[in-house]
Amino acid sequence: MNFLKTFRIVSISEGISLLLLFGIAMPLKYIFDQPLLVEIIGMLHGLLFIAYVFFSITYKFKVNWKFGDLAIVLIASIIPFGTFYVDKKYLNKH
């Protein structure tokens, strides 16, 4: 599996984990006092976030992104649906 394909998988997975965390796990924790999913999805999301940041920085040097592009890609990781935008705008064209 090549680097870009792995980065795209990590990017989409990170985005999905963020949506699951915000949309399902956190409401279950705070509305129904059920914290288990936050612990599971939160850990998974944290690992995927770290991998996403690593791949973003590494890929910046592979394709010679400007610093502004890297900043957008990194900021997108904390915005719901942001990594889907990154996949379409920055990763899908290489």
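Just so you know, these numbers come straight off a predicted model, no measurement behind them. (Residues numbered from 1 in each chain as written. Predicted model: local features only at pLDDT ≥ 70, side-chain atom pairs only at ≥ 80, totals over all residues. Heavy atoms only, no water.)

Undergrad: Sorry if this is basic, but what is going on with the side chain of D87 here?
TA: Mapping D87 onto the fold places it in helix α4 (residues 82-91). According to the relative accessible area criterion, D87 is buried, its value standing at 11%. Among residues more than four places away in sequence, those in contact with D87 are R8, I12 and N92. (Helix = DSSP H or I, 4+ residues; strand = E, 2+ residues; numbered from the N terminus. Buried < 20%, exposed > 50% of the residue type's maximum accessible area, 1.4 Å probe, protein only. Contact = heavy atoms within 4.5 Å.)

Undergrad: I tried to follow the side chain of S77 on my own but got confused; where do I start?
TA: By secondary structure assignment, the location of S77 is in the loop between α3 (67-76) and α4. With a relative accessible area of 2%, S77 lands in the buried category. A distance of 2.6 Å separates a polar atom in the side chain of S77 from the backbone oxygen of L74. When sequence neighbours within four positions are dropped, the list of residues in contact with S77 reads E14, L18, F49, Y52 and T83. (Polar contact = N/O pair within 3.5 Å; in protein donor to acceptor, adjacent residues only side chain to side chain.)

Undergrad: Even after reading the chapter, I still don't get the environment of R8, so can you show me in this structure?
TA: Relative to the elements of secondary structure, R8 occurs in helix α1 (residues 3-32). Residue class for R8 comes out partly exposed when judged on its relative accessible area of 28%. Taking C-alpha positions, R8 is 14 Å from F81, a pair spaced 73 residues apart along the chain. Once you skip the residues sitting within four places of it in the chain, R8 turns out to touch D87, L91 and N92. For R8, the side chain forms a polar contact with the side chain of N92, separated by 3.3 Å.

Undergrad: I'm lost on the environment of I12 in this one. Help?
TA: Of note, I12 is situated in helix α1. Each C-alpha atom, one on I12 and one on M43, is 16 Å from the other, the two residues being 31 residues apart in sequence. With residues up to four places along the chain from it excluded, the contact list for I12 reads F84 and D87.

Undergrad: What am I meant to see in the packing of aromatic side chains here?
TA: Think of a pair of aromatic rings as described by two things: how far the centres are apart, and how the planes are tilted against each other in angle. For the structure on display, the rule yields ten aromatic pairs. When the ring of F7 is compared with that of Y52, the centres are 5.8 Å apart and the planes differ by 55°; the resulting orientation is tilted. Highlighted residues: F7 in helix α1 and Y52 in helix α2 (residues 36-63), separated in sequence by 45 residues. Side by side, F7 and Y52 carry an identical accessibility label, which is buried. Both rings, one in Y85 and one in Y90, keep their centres 6.5 Å apart while their planes meet at 80°; by these two values the pair is edge-to-face. In this structure Y85 comes out as partly exposed when scored by relative accessible area, which is 43%. The cationic tip of K60 hangs over the ring face of F61; the distance from NZ or CZ to the ring centre is 5.0 Å. One Lys or Arg, K89, reaches over the ring of Y90 and ends 5.8 Å from the middle of that ring. (Phe/Tyr/Trp six-rings, centres within 6.5 Å; stacked < 30°, edge-to-face > 60°. Lys NZ or Arg CZ within 6 Å of the ring centre and 35° of its normal.)

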